[in-house]
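Read off the chains here:
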Amino acid sequence: MAPQTLIEPGRLNAIAKILDRAGGHLSSAVDPSARPLAQDRQGAATIDGLLALSRSASHDVVRAVQLAGGGDLPRALAHLESARTVSDTYPASVSALPQPLPSGVRTALQLLRGITGFFTAETEAAFVRALSIDGGRAA
């Protein structure tokens with residue numbers, strides 16, 4: 001695949017918006033006034049990690065689009081790769097998530113899972129596992 005085809009501004013802007021929406025849901029879930037997480041520090045820390053993942057990926061995607069628009073394709077591709085592999089920096093530990101998932105976390109994971117082919121296969125699988133575990137317990 002030619003490098004130019006990797007920078008699709010429309011798709012990447014849509015991904016950034018989805019990441020921002022997921023981040024909003026995660027921010028609400030870790031709000032100190034959210035009673036369910038107040039007693040689950042490990043769960044709150046894991047949700048904080050997902051929030052950092054979402055924010056970092058969104059920043060890198062937006063930066064990639066800006067750099068590509070300015071003609072700096074090598075740096076744009078570097079930012080895009082950083083966004084795709086952000087889970088290496090902020091690993092999503094499915095087992096540490098509170099169960100059942102708070103609704104904002106479930107919504108955020110559904111949004112993140114919907115960005116197929118963007119994150120690494122391991123990260124996408126972690127999103128699916130988290131939702132599967134939650135679905136199994138809710139049933």
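Computed from a prediction, not measured in an experiment: that's the story for all the values here.

Attention now goes to the confidence of the model for the protein chain. For the protein chain, mean pLDDT is 83; residues scoring 70 or higher make up 83% of the total. Within the protein chain, the element-level pLDDT minimum falls on helix H1 (residues 3-6), averaging 48, and the maximum on helix H6 (residues 103-113), averaging 93. With pLDDT under 50 throughout, residues 1-5 is counted as low confidence; its partners more than four residues away or in other chains account for four contacts.

So, about the environment of Val105. Within the secondary structure layout, Val105 lies in helix H6. What makes Val105 buried here is its relative accessible area of 0%. For Val105 and Ala130, which are 25 residues apart along the polypeptide, the C-alpha to C-alpha distance reads 9.9 Å.

Attention now goes to helix H5 (residues 73-84). Look at H5: 16 Å from first C-alpha to last across twelve residues, which is about the 16 Å you get at 1.5 Å a residue. Of all the positions in H5, only Ala76, His79, Leu80, Ala83 and Arg84 are classed as buried. What you see down the axis of H5 is that its buried residues fit within an arc of 140°, all on one side. By the N-cap criterion, in which a side-chain oxygen at the helix start approaches the backbone nitrogen of a residue two or three places on, H5 is capped by Asp72, the distance to Arg75 being 3.4 Å.

Conventions used here
Residues numbered from 1 in each chain as written. Predicted model: local features only at pLDDT ≥ 70, side-chain atom pairs only at ≥ 80, totals over all residues. Heavy atoms only, no water. pLDDT = per-residue confidence, 0-100. Helix = DSSP H or I, 4+ residues; strand = E, 2+ residues; numbered from the N terminus. Contact = heavy atoms within 4.5 Å. Buried < 20%, exposed > 50% of the residue type's maximum accessible area, 1.4 Å probe, protein only. Expected span 1.5 Å × (residues − 1). Arc of directions from axis to C-beta. Polar contact = N/O pair within 3.5 Å; in protein donor to acceptor, adjacent residues only side chain to side chain.

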